[in-house]
Amino acid sequence: MEKKDQKSKTPIMHSFKDGKSSFSPNKVLIIFVILFLLGAGTGYGLSNSTGKTGRNTPLASKEGSITNGKTFGSDDTKTFKDTAEGKLEEGGIEGEGQYHLVRSEDVSQHVYMTSSTVDLSQFIGKKIKVWGQTQTAQKAGWLMDVGRVEVK
């Protein structure tokens, strides 16, 4: 019977005001710092991994690094499936494109281009082959978003 009396004397609810907290402000701060570092490390690691859209080749940084046969931009030829060859010149047509590819003397054969992947300004005056995606145009006969460039 003594055991039954002993159980009934133990309170069901406990007070948390006894001052014996297991979490001090320093412990909480250390936990937040660790979580921040883990999150930043994970983000950095994911940003450096290659995605499904293809591996990007480095951009040309010096005039001397642009040589015949070199390719710049994305290797994703499924997205950038349209191709054209010619000499790259600066200027679009009535607000469409920033550059154009001269394929023949006939202006109607020019390909007007923009690119969010490759810095086309590095190839002005050079004969190149481009891979891109045809865009809807109002004025240009052919407007292309370029994803890959090969110097000829």
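Note: the structure precedes this text.
Residues numbered from 1 in each chain as written. Predicted model: local features only at pLDDT ≥ 70, side-chain atom pairs only at ≥ 80, totals over all residues. Heavy atoms only, no water.

Structural notes on a nonpolar patch on the surface
This is how it is decided: Patch membership is restricted to residues that have no salt bridge and whose relative accessible area is over 30%. Joining uses 9 Å for like charges and 5 Å for the nonpolar side chains Val, Leu, Ile, Met, Phe, Trp and Tyr. Accessible areas in this description were obtained via Shrake-Rupley with a 1.4 Å probe; residue shielding takes into account the shown protein chains only. Put simply, a salt bridge is a Lys or Arg side-chain nitrogen that is within 4 Å of an Asp or Glu carboxyl oxygen. Segments assigned H or I by DSSP are reported as helices when at least four residues long, segments assigned E as strands when at least two residues long, and all are numbered from the N terminus.
Together, Val28, Ile30, Ile31, Phe32, Ile34, Leu35 and Leu38 make up an exposed nonpolar region whose accessible area comes to about 670 Å². Looking at where Ile34 falls in the secondary structure, it is placed in helix H2 (residues 25-48).

Description of the side chain of Ser74
Rules: Accessible area is worked out with a 1.4 Å probe on protein chains only. A residue is then buried under 20% of its type maximum, exposed over 50%, and partly exposed in between. Side-chain atoms alone can form a polar contact between residues adjacent in sequence; in general such a contact is a pair of N or O atoms within 3.5 Å, and within protein one must be able to donate a hydrogen while the other accepts it.
Tracing the backbone shows Ser74 in strand E2 (residues 71-74). Given the relative accessible area of 5%, Ser74 is considered buried. Here Asp76 takes part through its backbone nitrogen, which lies 3.0 Å from a polar atom of the side chain of Ser74.

Some thoughts on the pattern of salt bridges
Summed over all chains, the structure comprises 3 salt bridges. Taking the shortest distance from any N to any O, the salt bridge between Lys152 and Glu150 comes out at 3.9 Å.

Structural notes on the pairing of strand E6 (residues 127-135)
Stated precisely, the cut-off is as follows: Should DSSP find at least two bridges between two strands, the strands are taken to pair.
The pairing of strand E3 (residues 82-90) with E6 spans 6 bridges and is classified as antiparallel. In the sheet register, Ala84 faces E6, and the bridge partner there is Val130. Across 8 bridges, E6 lies against strand E7 (residues 143-151) in antiparallel orientation. Paired with Gln135 across the strands is Leu143, a residue of E7.

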